[in-house]
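# A look at the structure
Residue strings, one per chain:
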Amino acid sequence: WDFVSLSGGYTTYLTKKKTLSATGVYSYSFYSDDTANLNKHRISGSIGLRLGGFRNSISSGYLFGGIATFYMSNNSYYNIDLLKSEKLTISTQPRLGLFWGSQTITELIRTGILNFTTISTDVFQQLNTELSIPVEFSFGDWDIEVDYTFSFPNALPNEESLDQTGYFSVSLGYLIGL
């Protein structure tokens, strides 16, 4: 495992038809690697739009506890119910995600035969595009989601092109009605 994240948040609908929502979330991450400067804290917010089976969410967040940074993302989903019964719902929500973030690029530049200087530049750019194929099993207030995500990273300035990757994830959720 790389990390475990615990999150809590609140969502409210901004329209009577529940087509527009706002969400705020705080997350704390436990990392398996004790590397310095990892951000364990995240505060994020999003605005969501729901029209039938289509959903779009624009999010932004601030990560801190190490070297602070921020990000923005846009995720578009389409909900497809595969099975719907009184006790069990199985659905999928294929997702296309675009992710922008800030990073500091540090370069070592030769200024003489034995002299070097470092130049640090902060950049904010699109860092990644993702295509996700999840399957969600809902049992009343409990949800289990199994997901495979294809990741298409964008290289930073002066960086070689990056390989596409993929990863598998599992999540467990419980809905607390307030």
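The present account deals with the structure reproduced in this document. Computed from a predicted structure; not experimentally measured. (Residues numbered from 1 in each chain as written. Predicted model: local features only at pLDDT ≥ 70, side-chain atom pairs only at ≥ 80, totals over all residues. Heavy atoms only, no water.)

## A look at the overall build of the protein
Counting its secondary structure elements, the protein contains zero helices and eleven strands. Secondary structure elements in the protein, listed N-terminal to C-terminal, are β-β-β-β-β-β-β-β-β-β-β. Taken over C-alpha atoms, the radius of gyration comes to 20 Å for the protein, far larger than the 16 Å a tight globule of 178 residues would show. In terms of overall dimensions, the protein has a C-alpha envelope of 75 × 35 × 30 Å along the principal axes. Residues counted as buried form 22% of the 178 residues belonging to the protein. Long-range contacts, defined here as pairs at least 24 residues apart, represent 41% of the contacts in the protein between residues at least 6 apart. Accessible surface, the protein: about 12,500 Å² in total, of which carbon and sulfur atoms supply 59%. (Helix = DSSP H or I, 4+ residues; strand = E, 2+ residues; numbered from the N terminus. Rg over C-alpha atoms; globule rule 2.2 N^0.38 Å. Buried < 20%, exposed > 50% of the residue type's maximum accessible area, 1.4 Å probe, protein only. Contact = heavy atoms within 4.5 Å. Areas by Shrake-Rupley, 256 points an atom, 1.4 Å probe, with all protein chains shown as cover.)

## Notes on the pattern of salt bridges
Enumeration over the complete set of coordinates arrives at two salt bridges. Put simply, Asp 81 and Lys 84 hold a salt bridge, and the shortest N to O gap is 3.7 Å. Residue classification places Asp 81 among the partly exposed positions, given a relative accessible area of 40%. With its nearest N and O atoms 2.8 Å apart, the salt bridge here joins Glu 130 to Arg 95. In this pair, Glu 130 sits in strand β9 (residues 116-139) while Arg 95 sits in strand β8 (residues 95-110), placing the two residues 35 residues apart along the sequence. Under the relative-accessibility criterion, Glu 130 is labelled buried at 17%. Among the residues examined, Arg 95 registers a relative accessible area of 14% and is labelled buried. (Salt bridge = Lys/Arg side-chain N within 4 Å of Asp/Glu carboxyl O.)

## Side note on the packing of aromatic side chains
Inspection of every chain in the model, using the stated rule, returns seven aromatic pairs. When the ring of Tyr 62 is compared with that of Phe 64, the centres are 5.6 Å apart and the planes differ by 20°; the resulting orientation is stacked. Using a relative accessible area of 44% as the deciding quantity, one classes Tyr 62 as partly exposed. Summarising the aromatic geometry, the rings of Trp 142 and Tyr 174 are spaced 4.7 Å apart at their centres and angled 55° between planes, so their arrangement reads as tilted. (Phe/Tyr/Trp six-rings, centres within 6.5 Å; stacked < 30°, edge-to-face > 60°.)

## Digging into the environment of Leu 127
When you line up the elements, Leu 127 lands in strand β9. As for Leu 127 and Ser 32, which are separated by 95 residues in sequence, their C-alpha atoms are 24 Å apart. With residues near it in sequence (within four places) discarded, Leu 127 still touches Phe 99, Trp 100, Gly 101, Gln 103, Pro 153, Asn 154 and Leu 156.

## Topic: the pairing of strand β1 (residues 3-13)
Two strands pair when backbone bridges link them, and β1 and strand β2 (residues 20-31) are joined in this way by eleven bridges, in the antiparallel orientation. Considered in β2, the bridge of Ser 5 is made with Ser 29. Between the end of β1 and the start of β2, which pair antiparallel, lie six residues, with Lys 18 showing a positive phi angle near 60°. (Pairing = 2+ DSSP bridges.)

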